[in-house]
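# Structural features, examined
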Amino acid sequence: MSEEQKYPEDLKYRETHEWARRESDIVIVGISDYAQEELQDVVYVELPEVGAVVEPEKEFGAIESVKAAFNLWTPVSGEIIEVNEELEDAPELINEYPYSLGWLIKIRMINPDELENLLSPNEYRALIKGERE
Amino acid sequence: MIDEMTPTSNADERQATRHLHFTDNFVDRHIGPREEEVNLMLEKIGYASLHNLIEDIVPADIRLNRSLNLGKSQTEYEIFEALRKIASQNEVYRCFIGMGYHNSITPPVIQRNILENPGWYTQYTPYQAEIAQGRLEALLNFQTMVIDLTGLPIANASLLDESTAAAEAMGMCLAAQKANARRLFFVSETCHPQTISVLQTRADPLGIELLIGDHRDATLGPAPILGALVQYPASDGVVYDYTDFAQRVHDANGLLVVAADVLSLTLLMPPGEFGADIAIGSTQRFGVPMGYGGPYAAYFATKEEFKRKTPGRIVGVSEDSEGRFALRLALQTREQHIRREKATSNICTAQVLLAVMASMYAVYHGPKGLRRIAERVHLLTCVLREGLKRLGYSAGDTPYFDTLRVNLNSVNIKDLLSAARAKQINFRVFDCTHVGISLDEATSLRDVRNLLEVFALGKNLRFEVEDLIGIHSTNVPIKLQDSQHIPKPLQRKSSYLTHRVFNTYHSETEMLRYIQKLQEKDLSLTTSMIPLGSCTMKLNATAEMLPVTWPEFSDLHPFAPLEQAKGYQILFKQLEAWLSEITGFPGISLQPNAGSQGEYAGLLVIRKYHQRQGEGHRDICLIPQSAHGTNPASAVMAGMQVVVIRCDDDGNIDLANLRAKTEEHRRNLAAAMITYPSTHGGFEEQIREICDIVHQHGGQVYMDGANMNAMVGLSRPKDFGSDVCHLNLHKTFCIPHGGGGPGVGPICVKAHLVRFLPTHPVVTVGGEDGIGAISAAPWGSASILPISWAYIAMMGAQGLKRATEVAIVNANYVAKSLEPHFSVLYKGEKGLVAHECIIDLRSFKKTAGVSVSDVAKRLMDYGFHAPTVSWPVPGTMMIEPTESESKAELDRFSAALISIRQEIAEIEAGTVDRSDNVLKNAPHTAKHVTQTEWAHKYSREKAAFPAPWTCERKFWPPVARINEVLGDRNLICACPPM
């Protein structure tokens, strides 16, 4: 996979390695390819319940691998309308398909302006480059 | 040394009598390298003398410039005499006090081959699972035993004692609840008093309100509560049916915690069947001596849905790379070493050795044997009750198992107690008209007669105890099913311990071989050095260990009257005085039974100090990012908020950052937790300044004593400004690690904090304004304190200092040996380390695709346990050789690492495949290297015999690399069906 494919152009990113995909007033959230690679084999995902309200200053869940725990931060505020229940039985989807089947939550946005605070794919790539060095 | 703490004779006299002293010197037995070897090592490090080396490592302004006042070293022979004298002042009465502690018969095959066997007691926690399959299997048996007996599907292995297990359960109820639940936790007043006391200590900093009362009429709800704790059977012996209560707790959205007696569960309906969400308890009476309070293993079982919130270590089933059944520690991401302040608990070292003993007891007796033991204890209790009734007492009018609360009616309790004393019998005193009697496995019919004679107050029994047995029918003895004392609905119907392992090893020969089979799978100090950084895997000398199983130390009940424990009191006082001299602190509490408990107790002491200063709002705890994970986890439990302090590139505390944070939090600063020497293995030059800055901003300094082995005799924590420190007696002071416990973590405090030291509800101990009980027993794990006592007594001041110096020499020698081959991190300005060194393996990931884990597993092929892996720095190894390892062993270990470096170089050079090589496929099992097909590009010989010594003595890893992911994705924590 090229660096471009690793960080799709249609997504926005948080410095904490979550991505956001906007679909009208809904935002889908997952973790980046870099994050899943760093974590290695995901064994467990802890997600909030549908109906919970999340905000960027508070962690909303965690992903665990065998040796590490990764706290999850939401890119935008809003109400959770769906969580990826497939992950309960198949957490490896996060490693295998971080941008599709491995999505985490869907949020009904309150304030679309928050998307402006996120990193573009280019900015995120630069961040990763920094972290790798 | 005991009577003569100060040397009196002058130099001439000493010279003259020197030749008459015993020739055998324990210091030379404890310390590995001979004097000439130390000199050779110094030469390699580049120093002419030990003195110069130490001067360049330990900062001048914290050095202790005098000898410790501990007297001369004693020989092993001398120390036995002294200890026997002390032990003889403990009086072992027949004890029927109960309250969670019972006499138990340790099967001799278990005593000699586990408790007294270095093949079982010298290992560390089984993190390197491939060479720990033996104790992992024993611990899986423990979990299976707990799961079966409690009727709950998830169990850990294990917790520190019953009371802290109850507190852990309360903590889990809090973690499992929705944020809006009222922080209210109900505790039945018929729980053991020490458990109620520990819960009170734990509840307060977490903002939990305890409601203590009678479960039968307690009002729960309507607001949601966290949960409720009941004792089963109750502390006074009553077997309640908690089915309705469980419903009421659940109706109030709470979780039901049941503290259940493990032996009674063979006869009683298990908690999981009447609605318990969590069951906890002691496994002491499964073959572990009472030991004046400990150590023993507590158990913790719960429902599937709470498995990720469970505290403590859980053994899980997985597979190795060859598809073989293999075990490992599962779900480690719950634990403090990964989750830090978000961990499920601060628990770290637990009670592995004692959990192994309890599981072996169950293996040896099997389900039928355990049931027979329980039935016999119950029958004896029935007989006792009949006798008491004939004597005019009332007892056991409610269902009971092994404990009776006896109403004395008009009998004067003083008369009764003096009759008991005359027969050397202890029982529990509730109040002046009620006493409690708990029978156990060791009780004989003769004991029952003696008890009845005590209650007859000198009058003749007008009946034979044997006659009482035939009470229901003239010829047939009482049978359990005839007994009215366990009502039918509460009798156990479900089967337990049906697995093959509990139904096979019932002859001593079979048992011995099973124990040996498991032992052979584990690498212990009997095989080779275990150079785990921060763990101090030094010698656990046989002379230190022998007294542990002397009956005068092992058979005392923790709540026996103090006048029967005079020997223990002498031993505690001396040990406290010595630890006080070693640390500089005037106040010591021996109660915390693990390092994590010491941290917690120390922080609570600081918290209470602030409260008494009218500064109770101070709740910020500064912790360097390099700290061990227990530090933040303990701080959170003590009600503090963790603020992380940065470390600089040398692993030292970033002073500018510390200044900024202390300034920012000056109004709320409670404490700073500092590990010294640092977790990176260096003596920070600025430690005095660090302590001063914290003090200037109103905080207290807590020193984590994990690295005390670099300090004893050279520097004292109190002298450079810390206020509290804990010691790990299982590191610096020779208590064995037991494969993951026991541990002892006493705290040492400055004068202004002495009044806050831990107390106990049953035995008077601790400060006048103490923080409450930290552990179930007043002196924690008392029976292993003779180990540290013996170590200090045999080493003396000079020996202890010498041990520290040689530990430093050994670490620097290993660093120097490895330096040409590996990058050694965090050497001080002079290129030296303290008592451990860190080698950097991160670059091999890029150059050869080799991870630190690959190197750890490859070391197994060489017959070594890996050093501490990826801590405190990811991708590195931290090596702590300790003073007990000889130069030859250090050379062998370095040679193994250097040889592995060569193997990595071959991959780097491209002469060896990056994915099929000796590192990636390590460890190599015997089966693997002897199979007919051999598809690898390297030889079988290179795989299994990579160094000359492996041809002489080969430790075969019993399994190949374990699949970590499989085990965590599908948690199985009981023996799988055959």
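Quantities reported herein were computed from a predicted structural model and do not represent experimental measurements. Residue numbering note: each chain is counted from 1, following its sequence as written. To label them, take the chains in the order written and letter them from A, then take the ligands in the order written and number them from 1. pLDDT decides what is reported in this predicted model: residues at 70 or higher carry local features, side-chain atom pairs at 80 or more are listed and counted, and totals for whole chains, interfaces and linings draw on all residues regardless.

The next point concerns the overall build of chain A. In this description a helix means any DSSP run of H or I spanning at least four residues, a strand means any run of E spanning at least two, and both kinds are numbered starting from the N terminus. A count of helical and extended segments in chain A gives five helices and nine strands. Traced from its N-terminal end to its C-terminal end, chain A shows the element sequence α-β-β-β-α-β-β-β-β-β-α-α-β-α. Whereas a compact globule of 133 residues would reach a radius of gyration of roughly 14 Å, chain A reaches 14 Å, a difference of no more than 12%. C-alpha atoms of chain A, sized along the principal axes, occupy 35 × 35 × 25 Å. Around each residue's C-beta, the other C-beta atoms within 10 Å are counted; 20 or more make the residue buried, 12 or fewer make it exposed, and counts in between make it partly exposed. All C-beta atoms are placed from the backbone. By residue count, 39% of the 133 residues in chain A fall in the buried class. Residue pairs at least 24 apart in sequence account for 64% of intrachain contacts in chain A once pairs closer than 6 positions are excluded. The globule rule is 2.2 Å times the number of residues to the power 0.38, and the radius of gyration it is compared with is taken over C-alpha atoms. We call two residues in contact if the C-beta atoms placed from their backbones are at most 7 Å apart.

Check the secondary structure of chain B and you find 32 helices and 25 strands. Its C-alpha radius of gyration of 28 Å places chain B within 12% of the 30 Å reference for a compact globule of 978 residues. Here chain B holds 978 residues, and 58% of them are scored as buried. For chain B, long-range pairs separated by at least 24 residues make up 79% of all intrachain contacts whose partners lie at least 6 apart in sequence.

This brings us to helix α27 (residues 852–861) of chain B. All names here are of chain B. In terms of residue burial, α27 counts as a mostly covered element, since nine of its 10 residues are buried. Residues of α27 that are buried: Val-852, Asp-854, Val-855, Ala-856, Lys-857, Arg-858, Leu-859, Met-860 and Asp-861. For α27, the secondary structure elements touched by its buried residues are β24 (868–869), β25 (876–879), α28 (887–908) and α30 (940–944). Backbone geometry just after α27 places Gly-863 at a positive phi near 85°.

All names here are of chain B. Fitted lines through C-alpha atoms give the axes, limited to the stretch in contact for helices. The angle between two N-to-C directions lies from 0 to 180 degrees. Relative to each other, helix α4 (residues 50–57) and helix α25 (residues 785–818) sit at 80°, their axes nearing to 11 Å. Classified by the angle between their axes, α4 and α25 sit roughly perpendicular to one another. Along its contact with α4, which presents Leu-50, Leu-53, Ile-54 and Ile-57, the element α25 presents Glu-805, Ile-808 and Val-809. Under the scheme applied, nonpolar residues are Ala, Val, Leu, Ile, Met, Phe, Trp, Tyr, Cys and Pro; charged residues are Asp, Glu, Lys and Arg; polar residues are all the others, including Gly. For the contact of α4 with α25, the per-class residue count stands at six nonpolar, no polar and one charged. Roughly parallel here means an angle under 35 degrees, roughly antiparallel means over 145, roughly perpendicular means 65 to 115, and every remaining angle is called oblique.

Taken together, the eight residues of chain B in the interface contact eight residues of chain A. Put simply, the parts of the chain that give the side of chain B that touches chain A at least two residues each are α12 (336–339) and α32 (964–969) of chain B. Partitioning the side of chain B that touches chain A into residue classes produces two nonpolar, one polar and five charged.

The next subject is the pairing of strand β18 (residues 669–675) of chain B. Residues and elements named next belong to chain B. Within β18, seven of the seven residues are buried, which leaves the element mostly enclosed by the surrounding structure. A pair of strands is treated as paired once DSSP finds two or more bridges between them. Pairing of strand β16 (residues 620–624) with β18 involves three bridges; the strand directions are parallel. What sits directly across from Leu-622, in β18, is Ala-672. Strand direction decides the pairing type here: β18 and strand β19 (residues 700–705), joined by five bridges, are parallel. Across the sheet, the residue bridging to Ile-674 is Met-703, located in β19. For the handedness criterion, the β-α-β arrangement of β18, helix α24 (residues 687–696) and β19 is classed as right-handed. The path from the first strand over the helix to the second decides the hand: if it runs clockwise while the strands point away from the viewer, the crossover is right-handed.

Read across the sheet, six strands follow the order β1-β2-β3-β9-β8-β5 (chain A) without closing on themselves; strand pairing throughout is antiparallel. The outermost strands of the open sheet, each flanked by one partner alone, are β1 (12–13) and β5 (53–54) of chain A.

Glancing now at the confidence of the model for chain B. Residues and elements named next belong to chain B. What pLDDT conveys is the predictor's confidence in a given residue, as a value from 0 to 100. On average, residues of chain B carry a pLDDT of 95, and 97% of them reach 70 or more. The model gives residues 1–8 a pLDDT under 50, and that stretch makes 12 contacts with residues more than four places away or in other chains. Interface confidence in the predicted complex, given as ipTM, is 0.90; pTM for the same model is 0.96.

Looking now at the pairing of strand β13 (residues 425–431) of chain B. All names here are of chain B. The pairing of strand β1 (residues 94–96) with β13 spans three bridges and is classified as parallel. Bridging from a neighbouring strand, Phe-96 pairs with Phe-427 of β13. Bridge count for β13 against strand β14 (residues 434–438) is three bridges, and the pairing is antiparallel. Bridge pairing in β14 links Asp-431 to His-434.

Below, the discussion takes up the environment of B:Ser67. Residue and element names in this part refer to chain B. Along the chain, the position of Ser-67 falls in the loop between α4 and α5 (76–87). For the pair Ser-67 and Val-315, spaced 248 residues apart in sequence, the C-alpha to C-alpha distance is 46 Å. Dropping the residues within four chain positions of it, Ser-67 is found in contact with Ala-797 and Gln-798.

What follows is about the environment of B:Ala395. Residue and element names in this part refer to chain B. With respect to the secondary-structure elements, Ala-395 resides in strand β11 (residues 394–395). Residues Ala-395 and Leu-408, 13 residues apart in the sequence, show an inter-C-alpha distance of 9.1 Å. For Ala-395, the contacting residues outside a window of four places in its chain are Arg-385, Leu-388, Leu-404, Arg-405, Val-406 and Asn-407.

Here we take up helix α20 (residues 566–583) of chain B. All names here are of chain B. Counted at 1.5 Å a residue, the expected span for α20 with its 18 residues is 26 Å, and the 26 Å between its end C-alpha atoms agrees. Three or more residues of α20 are buried, namely Gly-567, Tyr-568, Leu-571, Phe-572, Leu-575, Trp-578, Leu-579, Ile-582 and Thr-583. The buried residues of α20 occupy an angular sector of 135° when the element is viewed end-on, so they sit on one face. Summarising the contacts, the buried residues of α20 are in contact with α5, α19 (551–554), β15 (587–589), β20 (724–727), β21 (747–749) and α25. Given a helix with a known number of residues, its expected span is that number minus one, times 1.5 Å. Think of it as the arc spanned by the lines of direction from the helix axis to the C-beta atoms.

With that settled, the discussion passes to the sheet that holds strand β17 (residues 641–645) of chain B. All names here are of chain B. Strand order across the open sheet formed by seven strands is β15-β21-β20-β19-β18-β16-β17, with mixed pairing between neighbours. Of all the strands in the sheet, just β15 and β17 have a single pairing partner and so form its edges. Strand after strand, the sheet turns through a mean of 25° between neighbouring axes, direction not considered.

All right, on to the nonpolar core then. Counting residues in each nonpolar core, the largest one holds 318 residues, and the members touching the most others are B:Ala166, B:Val257, B:Ile280, B:Met357 and B:Val605. For B:Ile280, the contacting residues outside a window of four places in its chain are B:Glu162, B:Ala165, B:Ala166, B:Ala169, B:Val257, B:Ala259, B:Ala298, B:Tyr299 and B:Phe300. In terms of nonpolar packing, the next biggest core, distinct from the first, is built from 34 residues, A:Val43, A:Val45, A:Leu72 and A:Ile94 among them. As used throughout, a nonpolar core is a set of buried Ala, Val, Leu, Ile, Met, Phe, Trp, Tyr and Cys residues joined through C-beta atoms within 7 Å of each other.

Let's shift gears to the packing of helix α3 (residues 35–45) of chain B against α25(B). How two helices pack is summed up by the angle between their axes together with the distance between the axes. Residue and element names in this part refer to chain B. Between α3 and α25, the shortest axis-to-axis distance is 9 Å and the interhelical angle comes to 50°. Put simply, α3 runs oblique to α25. Taken as a pair, α3 and α25 cross one another with a handedness that is left-handed. For the pair α3 and α25, contact is made by Val-38, Met-41, Leu-42, Lys-44 and Ile-45 and by Val-806, Val-809, Asn-812, Tyr-813 and Lys-816, respectively. Per-class residue counts for the contact of α3 with α25 are seven nonpolar, one polar and two charged. In this scheme the handedness of a crossing depends on how the near helix is turned from the far one: anticlockwise by less than a right angle means left-handed, clockwise means right-handed.

Another point: the environment of B:Ala834. All names here are of chain B. Tracing the chain through its elements places Ala-834 in the loop between β22 (823–825) and β23 (837–840). For Ala-834, a count of 27 C-beta atoms within 10 Å puts it in the buried group. Distance in space between the C-alpha atoms of Ala-834 and Ile-653 is 16 Å, their sequence separation being 181 residues. For Ala-834, the residues in contact, after removing those within four places along its chain, are Ile-57, Pro-677, Gly-681, Gly-682, Phe-683, Ala-710, Ile-808 and Ala-811.

Take unusual backbone geometry next. All names here are of chain B. Residue Pro-872 follows Trp-871 across a cis peptide bond; omega there is 5°. When you line up the elements, Pro-872 lands in the loop between β24 and β25. With an omega of -5°, the peptide bond between Ala-922 and Pro-923 qualifies as cis. Residue position: Pro-923 is located in the loop between α28 and α29 (926–930). At Gln-424, a residue that is not glycine, the phi angle is positive and equals roughly 55°.

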